[in-house]
Structure formats: structure tokens, C-alpha cells
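In case you want the letters, here they are:
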Amino acid sequence: RGMTVPVFDPDDESKLEKLYEPLSAADYYVLSSPRAWRTVGRLPEKFPLMTRFYRELFAGTLGYSEVKSFRSEPGLLGVELDDLSAEEAFWVYDHPPVRIFKRSRPLDRTAFEQALCGEPAPPACG
């Protein structure tokens, strides 16, 4: 069963629960495109909780470990072209890199909150 994590919802008081609920029930978390984490990463003042979420996810501290990533580069005459710095719409819709994370341990609510709400605590952590 697929679930969605509300990445672009406002980082308000309800966001922590909106992240925890689907992730605590999932066995895998798939980033089907870097669009969200690249956008959020450039806006830490607007998305302080999500910025931390991706940092901790990639570090493996949220109970998930990356198990596979896929990337398909465009090519011409046997030469692959790295186009991640090109216009986003080209690679996001045509051939996005995909990262798959598998839950490596139960997602403890307290540890999840500590990882995302450490000092300085984002406003969403109350």
C-alpha cells in the first residue's frame, strides 16, 4: 500500500505527526525524484523541519537505510551526459534519479522527534 509524505505542507505544529504516521507504518520509503529534497534544501528558513528530515534520513538516523538508487543518464554515441544541473523539468519528468530506503529498525516516536527537533528546535516542534 502506498502512502504519501506531505513534503510541501507548511512546517507547522502538525507536520511532525504528518511525517511520523506514514513512516512508522511503512517498510520502504521511496524518493521517486530529488525535486522535493533539493527544493526544500534551498529553503531552510521556510522548511526547517523538512530540511532536517532529509538530512537525518540520508544519515540513516530515522530508522531507514538506503538500499538502492537508480539513475539513467541521457547519452549520445556512447557518452553519458550528467544533466542534473540542467533545467529541472527535463530530468524530473524524463528520467529522475530514484532512491529507495528500507526500514532497518522500528521507528520510535521519541527518537524520531529528537532527531528532528534538536536544538535549535524548528518552530514546528513547538
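Sequence order as written defines the numbering, with residues in each chain counted from 1. The model is predicted, so local features are restricted to residues of pLDDT at least 70 and side-chain atom pairs to those at 80 or more, both for listing and for counting; the totals for chains, interfaces and linings are taken over all residues. No hydrogens and no water enter the side-chain calculation; it runs on all heavy atoms of the structure.

(A) Local environment of the packing of helix H1 (residues 15–25) against helix H3 (residues 48–59). Axis geometry follows a simple rule: fit a line to the C-alpha atoms, using only the stretch in contact for helices, then measure angles between N-to-C directions, giving values from 0 to 180 degrees. Only DSSP runs of H or I reaching four residues or more are called helices, and only runs of E reaching two or more are called strands; each is numbered from the N terminus. Two elements in contact, H1 and H3, have axes whose closest approach is 10 Å; the angle formed by their N-to-C orientations is 30°. When the axes of H1 and H3 are compared, the pair comes out roughly parallel. Considering the relative orientation of H1 and H3, their crossing is right-handed. Two secondary-structure elements touch here, H1 through Lys-15, Leu-16, Leu-19 and Leu-23 and H3 through Leu-49, Met-50 and Phe-53. The nonpolar class holds Ala, Val, Leu, Ile, Met, Phe, Trp, Tyr, Cys and Pro. Asp, Glu, Lys and Arg form the charged class, and all remaining residues, Gly among them, are polar. Taken together, the residues that form the contact of H1 with H3 break down as six nonpolar, no polar and one charged. What sets the label is the angle itself: under 35 degrees gives roughly parallel, over 145 gives roughly antiparallel, 65 to 115 gives roughly perpendicular, and the rest give oblique. Handedness of a crossing follows from how the near helix is turned relative to the far one, being left-handed for an anticlockwise turn of less than a right angle and right-handed for a clockwise one. Any two residues whose heavy atoms approach within 4.5 Å are treated as being in contact.

(B) Quick look at the pattern of salt bridges. Should a side-chain nitrogen of Lys or Arg be within 4 Å of a carboxyl oxygen of Asp or Glu, the pair is scored as a salt bridge. Going through the model one piece at a time under the given rule, you end up with seven salt bridges. For Asp-11, the salt bridge goes to Lys-15, with nearest N and O atoms at 2.9 Å. Like Lys-15, Asp-11 is buried. A salt bridge links Glu-66 to Arg-99; the nearest nitrogen and oxygen atoms lie 2.8 Å apart. Note that Glu-66 is positioned in strand E2 (residues 64–70) and Arg-99 in strand E5 (residues 98–103), a separation of 33 residues in sequence. Buried residues are those whose accessible area, probed at 1.4 Å on protein chains only, stays under 20% of the maximum for their type, while exposed residues exceed 50% and partly exposed ones sit between those limits. Residue classification places Glu-66 among the partly exposed positions, given a relative accessible area of 35%. One salt-bridge network, held together by shared partners, links Glu-17, Arg-109 and Glu-113.

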